[in-house]
Amino acid sequence: MPMLKRLCLAGSALALLAVCPAPAPVLAQTAPRPSDSVDPLIGTGGEGHTFPGAVAPFGMVQLSPDTDTSCVLRDCYPHAAGYRYDDPTIVGFSHTHFSGAGHSDLGDVLVMPVAGDDVPMDPGTPAAPGYRSRFSHATETAKPGYYAVTLADRAIRAEMTAGSRVGVHRYSFPAGKAAHLVLDLRSSLYNYPGKILWSGLHLRDDGVLTGFRETRGWAPGRKLFFAMRFSAPLTGHALVNRETAIPYKGFQGPGRDSDALAEKLGQALEARLDFGVLTKPLEVKVGISGVDEAGALANLDGEAGGFDDIHAQTQAAWDTALGAVTFEAETPMRRIFATALYHSLLAPSIWSDRDGRYRGPDDQIHQATDFTVRSTFSLWDTFRAEHPLLTLIQPEKTNTDIVRSLLASQTHSPDGILPVWQFAGRETWTMIGYHAVPVIADAYMKGIGGFDANAALDAMVASADHAAYGGLGEYIARGYVPIDKEPEAASKTVEYAYDDWTIARMARKLGRSDIAARFEKRAGNWRNSFDASSGWLRARKTDGQFRTPFDPTAINYGSDYTEGNAWQYSWFVPQDQAGLFRLLGGDARTIRKLDAMFDFDLSKIDYSHAEDIAGLIGQYIHGNEPSHHVAYLYSYAGAPWRTQERLGQIVASQYGDTPAGLSGNDDLGQMSAWLVFTALGFYPVAPGANEYVIGRPFLPKATLMLPGGKRFVISTDNLSTANRYVQSVTLNGQPLTRAYLRDDEIRQGGKLRFVMSARPNRQWGKSASSRPFSSSTAVSSPPTRR
C-alpha cells in the first residue's frame, strides 16, 4: 500500500482533509459509464499537448492545472496546453486551454490556493517555490469533467469541475491553517513582457470578484471577462498592481497606503483573497465571457448549484456524448479509443454567452438569436476527420451551430472571409487554405440543414476569391501560387484546389452551374504545380519554371511546403487520386512510391529544427496532418490489403494509453478523430465526397447511435494482432466488394461485418469499379444525401 494511502487510513479525517486524495464524487450506477474508460492524461506528455483538467463537451471553460508559465513565446512549445506530465510543480489552475495545439495562448485567470500565514505573491521556481507547489501523480485523478490533485507543499487537496460556461474549484485546506487564494492576472500561456495590455479587478458589495484582461497574443486584442463567487465570506483581501516604472499614474483615489481596495486597474494585477480558518472545503465558482463582466455574471448564475451539482451534470453530459459510440475492446485499446473520442468532443468550443451575445472578429458585440456560437476553429487540421466525425456522432444541431458560427464570422469579418484559424472570435491567420469551405460543404452534402445554403455558398466563394489572402490573386490568375510571390506555394496550390472542388460540389447540388463550372476548373489546378517528369509536387515561379535547387526531403519554414515536404504533399489530391496516380505512372508505380515513403531511411536526416514534425515512419509523418490520408491511398491503387498493413503499423506505433500516447499534437481533436475513424474501420479521405474509404477495424464491435433510434453496428470476426487483413466484408448481410462506404449507408443504419485473416485477400477491392471516388474517373458525382 502506498505511504500516502496508509497515512490517510490511519489519521484523523479533519487533520488530513487536505493531504489525502479525496475520491471523485460518485454517483449511483449499475453499469460502467462511457466516461469510465477515458484517461485525460493521455497526450499530456510527449508531443500531444493535451490538458488533463475539467471541461464539459465543447465547454467554454477548460479548468486545468498549469505546470509552468515562466517560459517565453516559442520556448513554451512543450507547454502549449499549460500542463506537462513530467513537470514536478503546479503553478496554479487557469480557466482556458487548447487541446493539442501546436501554438498557444490562453491560460486565463490563474488561481492558486495557499494555506497558512505566509502568502507568496510570485510563483517562484520549481527549485524555490513561491505560491507554486510540488505534486505527485499518485495523488492525481483525471476524468471527463473532473480533475483533482494534492498540492504537497501546502497540504491542500484541489478539485476541479466545469460546466458549459463555468468552472468550479474546491479546495480542502489543512485543519487550523488560514485559507487564502492568489489570483494572478499576469500569468498567461506563451507569455512575454508586455502581453497583458490592460486588466481590471472589481470586488462587489456582495463579495463577488469580477474582472477582465486584454492580451496581445496569438489573437491580438483578445478580451476575456470573469466573475468569481466564493462559498465562504472574505475576511480580508488585497488588490495589487505589480507594475514598476509607470510613467504616469494619474491621481490618488481612495485607499492610500492600503491594498484593500474595491477596484484595481493595471497591466500586472494580482489579488490576495483571505478566508481565515475554514471548517469545510472552499468552493470557488467562476463564469467567463468574451463580452463583458455582466455576461460573465449571467453565465455564472445560469448554471445553478455547487461543485457536486455541476460535476454530476457534466458527467451526465459526457456519458451522453461519449455514448454516441458504444464499443467493445480490450485494454489498452479501450482506453485509447475512449480517450480519442473524448478529445474529439472538446472543440469547437462554445463562445456565445447564455443570452446569445458574443464578440466577433470585428471586436464588436453581436447577438445570436437561435443558435450557440462556437469558436476555436483549427480548420487546417480539423476539416480532415474531426468535423466529418462530428457529423456522425453529434446531433444535427451541433453541426448546424458550427456552420452558422462560421457564416456569422464571415459576415462580421473585416476581410469578409470565413475563419482560417480562429479562437475567442478572433482570427489568427495561422496555417493555409480556406478550410471552413469543406466543413460547410461536407455538412451540406450529408443533408445537414438549418442554415441558408445559398448564402453559405456565397460566403465560400467570397473566401475563395479574396485575392489579398495567401496568394489567391496569383492563384486565380495563373492557376497556381508562385513561390517568388508567396511562401509555401506548392502546398497552397493543392489545398486551394481541393477547397475549390468542395465549392463546386455544393454549387452543383444547389443548381448554381456557373459557380460549379468555374470551381470544377479550379479544382484541377493541382496539376499546375505537379512535376510529372520527377513525380513530385513542386513550387513554380512566376516564369513558370519549377524552383531549384529541389530536395524532396527538406522541411523548412517559408519553403515550398507547409509543415512538411514533397514526400507528404505530393499525395494531397483528395478529389482526384486516380488522376494523380496516372501522372505517377499507374498503380504499380504508385504502390512502390507509397512503400518508399513508409520505408524511407531517416538515419542521415535531422528534423529536430522543425516543430510539429513527429511520429515519423520513414517520410510518413503521423504527428502532422498532411500525412493523415496517405495510408488509405493504396486502396485507390487497387491494393486495400496494403492499407490494412500500414494502418496496423501506424496504430501500434503512434497511439498508446500513457501520457506519451499521442505521437504529435492532437490539434483540437484531429489526431484523435483519425484514430476513432480508423478503429471503426473506415476514414473520410475526401470530405465532401460522401464516402469513407474502408481500412480495417481495431475493435471487435462498435455501434454508432444515430438519430431516430437508428444504429450502425460494426462487428469483426477473428480480430487479433496476427489477423491484420480483411478477408471479406458484408453490409446488411450482403457481400461488399468495394473498398468504400457511402455516407447514406451509415446514416440509414445497418450492419457492417468484417472477417479478418492472417493472410491478405489481394482480390478484395482490387477492381477499378470497387475503388473510392476520384473526380477524373467518376461516371457521375458521388451520391449526396437528400
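See the structure above.
This is a predicted model, so every value here is computed, not measured. (Residues numbered from 1 in each chain as written. Predicted model: local features only at pLDDT ≥ 70, side-chain atom pairs only at ≥ 80, totals over all residues. Heavy atoms only, no water.)

Caption draft 1: Seen up close, the pairing of strand β35 (residues 725–731). The buried fraction of β35 amounts to five of the seven residues, a majority that puts the element mostly inside the structure. Where β35 lies against strand β38 (residues 750–757), six bridges are found, and the strand directions are antiparallel. Within β38, the position partnered with T730 by the bridge is R753. Here two bridges tie β35 to strand β36 (residues 734–735), and the two strands are oriented antiparallel to one another. In the sheet register, T730 faces β36, and the bridge partner there is P735. Counted along the chain from β35 to the antiparallel partner β36, the turn is two residues long, and its residue N732 has a positive phi close to 55 degrees. (Buried < 20%, exposed > 50% of the residue type's maximum accessible area, 1.4 Å probe, protein only. Helix = DSSP H or I, 4+ residues; strand = E, 2+ residues; numbered from the N terminus. Pairing = 2+ DSSP bridges.)

Caption draft 2: Just the pairing of strand β13 (residues 209–216), in detail. Of all the eight residues making up β13, six are buried; the element is thus mostly covered by neighbouring parts of the structure. Where strand β12 (residues 196–203) and β13 come together, seven bridges link them in antiparallel fashion. Bridging from a neighbouring strand, I196 pairs with T215 of β13. Between the end of β12 and the start of β13, which pair antiparallel, lie five residues, with G207 showing a positive phi angle near 90 degrees. Here eight bridges tie β13 to strand β14 (residues 220–230), and the two strands are oriented antiparallel to one another. What sits directly across from E214, in β14, is K223.

Caption draft 3: Quick look at the side chain of E159. With respect to the element layout, E159 can be found in strand β9 (residues 156–162). Given a relative accessible area of 3%, E159 falls into the buried group. Polar side-chain contacts of E159 include one of 2.6 Å to the side chain of Y146. (Polar contact = N/O pair within 3.5 Å; in protein donor to acceptor, adjacent residues only side chain to side chain.)

Caption draft 4: Broad picture of unusual backbone geometry. The peptide bond linking T331 to P332 adopts the cis configuration, its omega dihedral lying at 10 degrees. Tracing the backbone shows P332 in the loop between β19 (325–328) and α4 (333–343). Along the chain, T548 connects to P549 via a cis peptide bond; the corresponding omega equals -5 degrees. For V109, which is not glycine, the phi dihedral falls at a positive 60 degrees. Inspection of the secondary structure assignment puts V109 in the loop between β4 (92–94) and β5 (110–115). Looking at V109, the relative accessible area reads 2%, which means it is buried. A positive phi is found at W429, a non-glycine position, where the angle reads about 60 degrees. Structurally, the position occupied by W429 is in the loop between β26 (426–427) and α8 (436–445).

Caption draft 5: Local environment of the environment of G558. Within the element layout of this structure, G558 appears in the loop between β28 (536–537) and α13 (566–569). C-alpha separation for the pair G558 and P281, spaced 277 residues apart in sequence, amounts to 53 Å. When sequence neighbours within four positions are dropped, the list of residues in contact with G558 reads P487, E488 and R547. (Contact = heavy atoms within 4.5 Å.)

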